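Structure at a glance
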Amino acid sequence: MAKIVEELDNGVVVTQVTEDTCRKENIYCELPWCDKYSHGFVYRQQTDDGGPNGSRYLYCKFGTWETEEIGQGLGSCGITFEGIFFYRRVAKRKQEFVRVNLTSGESRVIYEFPEDFAPKGNITASPDERYYAYGVALGFDPVMFGIELVDLHGGTREVINTDPEICNPHTHFEPTHGKWVMVQHNRGCAHLQDGTRTRLVGPEGATEYLVSIPDGEVTRLPVGTPHTPGITGHEAWISGKDEILMSVRAHEDYAPKKGNLIGVTATGEVRRVGIAGIQVNHVGTTPDGRFFSVDDWRGTSKLVIGSTTSGRSRVICEARTSMSQSQDTHGHPYLSPDARWLVYNSDSSGHPQIHVASIPALITSDILSED
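Before going further, it helps to examine the overall build of the protein. Scanning the protein for helices and strands turns up one helix and 31 strands. A compact globule built from 371 residues should have a C-alpha radius of gyration of about 21 Å, and the protein, at 20 Å, falls within 12% of that. For the protein, the spread of C-alpha atoms along the three principal axes comes to 55 × 50 × 35 Å. Across the 371 residues in the protein, those meeting the buried criterion constitute 58%. Accessible surface for the protein amounts to roughly 15,200 Å². Of this, 47% is attributable to carbon and sulfur atoms. In the protein, the 35 positive side-chain charges and the 49 negative ones have mean positions that sit 1 Å from each other.

This is the structure in structure tokens:
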């Protein structure tokens, strides 16, 4: 049962939405896991009986906190800025790719993968839903990974980009035109011949590049050494701007007192966004391109929202989560499309639970008035 756990001086009210001890998480934060009209959001919870479809996808309404299951499937899933949610489930010796419209509740199978299909991370969709992209492991003797593209119109599925160091690609479609997929490049990662990863990233740090759709042409971005410190691996497209907001390692000229949040355009222009005094880790943006949300990777994990244009920001609340190795103890905050709600993880109660902070309109209007 949902319960209010904080009422802050800035008018923010924090609700702990869940309370049982089942493993659960606010899935991820680059895009809001919400319907188009901000009526509710999705979180993932482990099923009681395990099995291949070990994740329950639960849709929770903001304010009333009424919750319903919209499907069960494998761990990885995805969403578009239009609030179209999709996931995979094992069924009859194959994997069904299921599309759920979070506004209407309509659900249908749109594609079938082989039973042993195992993408690297979540699947990302183009804004028109024609293309779906994800990482794949092609082999480990020698090591090679790829970016695979499904074309629902053409009925094709093919690898359009390969690299031995994209073991954790964090693929995300550019959300305005669907021109590119951004790919995280973990330079210096290492694997044994059986596929065991022995190093996630080398001393040169991670960087980012773009793969154009559908031809697979690569555009390198001037982030990571020698241009900036290595990226943290948390980045999000700013809708309508062909620009990516990302955090880099917080040291030297990007130490917390100066801020480690940057923006980089598809044409290679880099700008400093800030935020002074915050060591940004996870990054999310809203579908209208106006707001970002981040967490502070220190102390009580302050949760911050701001303007993608000016970088002006406000602290909303503190996640008070342990930030251990488990992803469900990381804040992963994201804003609903209407910027009225901030969804995040916290294990401050002793178990990871889903929390939601209500955001007064005065806070968001103040941020935008300073652009």
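The discussion continues.
A sheet is described by the order of its strands in space; here five strands give the open sequence E1-E2-E31-E30-E29, paired in antiparallel fashion. Only two strands of the sheet have a single partner each, and these edge strands are strand E1 (3-7) and strand E29 (334-335).

Attention now moves to the side chain of His172. In this fold, His172 is placed in strand E15 (residues 172-173). Ignoring any residue separated from it by four or fewer positions in sequence, one finds His172 in contact with Glu30, Leu31, Thr124, Trp180, Val181, Met182 and Trp237.

It is worth spelling out the pairing of strand E19 (residues 207-212) at this point. Most of E19 sits out of view: six of its six residues are buried. Residues Thr207, Tyr209 and Val211 line one face of E19 and the alternating positions Glu208, Leu210 and Ser212 line the opposite face, and both faces are buried. Pairing analysis gives six bridges linking strand E16 (residues 180-185) to E19, with the strands arranged antiparallel. Looking at E19, one finds that Val183 is bridged to Tyr209. One ladder, built from three bridges, connects E19 with strand E20 (residues 218-220); its direction is antiparallel. Within the sheet, the bridge partner assigned to Tyr209 lies in E20 and is Arg220. Between E19 and the antiparallel strand that follows it, E20, lie five residues; Gly216 among them carries a positive phi value of about 85°.

In this section: the pairing of strand E28 (residues 313-318). One ladder, built from five bridges, connects strand E27 (residues 302-307) with E28; its direction is antiparallel. Note on E28: the bridge partner recorded for Gly306 is Ser313. Between E27 and E28, which follow one another and run antiparallel, lie five residues, and Gly311 among them has a positive phi close to 80°.

For the structure shown, the criterion picks out 21 salt bridges. Of the charged contacts in the structure, one is a salt bridge between Arg290 and Asp288, with a shortest N-O distance of 2.9 Å. According to the relative accessible area criterion, Arg290 is partly exposed, its value standing at 40%. Residue Arg298 pairs with Asp296 through a salt bridge whose shortest N-O separation is 3.3 Å. The buried category is assigned to Asp296, whose relative accessible area is 4%.

This paragraph deals with the environment of Arg99. Structurally, the position occupied by Arg99 is in strand E9 (residues 94-101). We classify Arg99 as buried; its relative accessible area is 12%. For the pair Arg99 and Ile110, spaced 11 residues apart in sequence, the C-alpha to C-alpha distance is 6.5 Å. Excluding residues within four positions of it along the chain, Arg99 makes contact with Ile84, Phe85, Phe86, Glu106, Ser107, Arg108, Ile110 and Glu129. Polar contacts involving the side chain of Arg99 include one to the side chain of Glu129, which spans 2.7 Å.

A word on the environment of His234. Tracing the backbone through its elements, the reader meets His234 in strand E21 (residues 231-238). What His234 contacts, discounting residues up to four positions off in sequence, is Tyr28, Leu245, Met246, Ser247, Asn281, His282 and Val283. Within the local environment of His234, its side chain forms a polar contact with the side chain of Tyr28, the two groups lying 3.4 Å apart.

A separate point is the nonpolar core. A general tendency of soluble globular proteins is for nonpolar side chains to be buried together. Judged by nonpolar contacts, the single largest core of 30 residues is most densely connected at Phe41 and Phe85. Of all the elements in the fold, those that place two or more residues in this core are strand E4 (40-46), strand E5 (55-61), strand E7 (77-79), strand E8 (84-90), E9, strand E30 (341-346) and strand E31 (353-358). When near neighbours in sequence (up to four residues on either side) are disregarded, Phe85 contacts Ile27, Trp33, Val42, Tyr57, Ile70, Cys77, Gly78, Ile79, Val98, Arg99, Val100 and Leu102.

Parameters at a glance
- Residues numbered from 1 in each chain as written.
- Predicted model: local features only at pLDDT ≥ 70, side-chain atom pairs only at ≥ 80, totals over all residues.
- Heavy atoms only, no water.
- Helix = DSSP H or I, 4+ residues; strand = E, 2+ residues; numbered from the N terminus.
- Rg over C-alpha atoms; globule rule 2.2 N^0.38 Å.
- Buried < 20%, exposed > 50% of the residue type's maximum accessible area, 1.4 Å probe, protein only.
- Areas by Shrake-Rupley, 256 points an atom, 1.4 Å probe, with all protein chains shown as cover.
- Lys, Arg positive; Asp, Glu negative; His and termini not counted.
- Charge placed at Lys NZ, Arg CZ, Asp CG, Glu CD.
- Pairing = 2+ DSSP bridges.
- Contact = heavy atoms within 4.5 Å.
- Salt bridge = Lys/Arg side-chain N within 4 Å of Asp/Glu carboxyl O.
- Polar contact = N/O pair within 3.5 Å; in protein donor to acceptor, adjacent residues only side chain to side chain.
- Core = buried A, V, L, I, M, F, W, Y, C linked by side-chain atoms within 4.5 Å.

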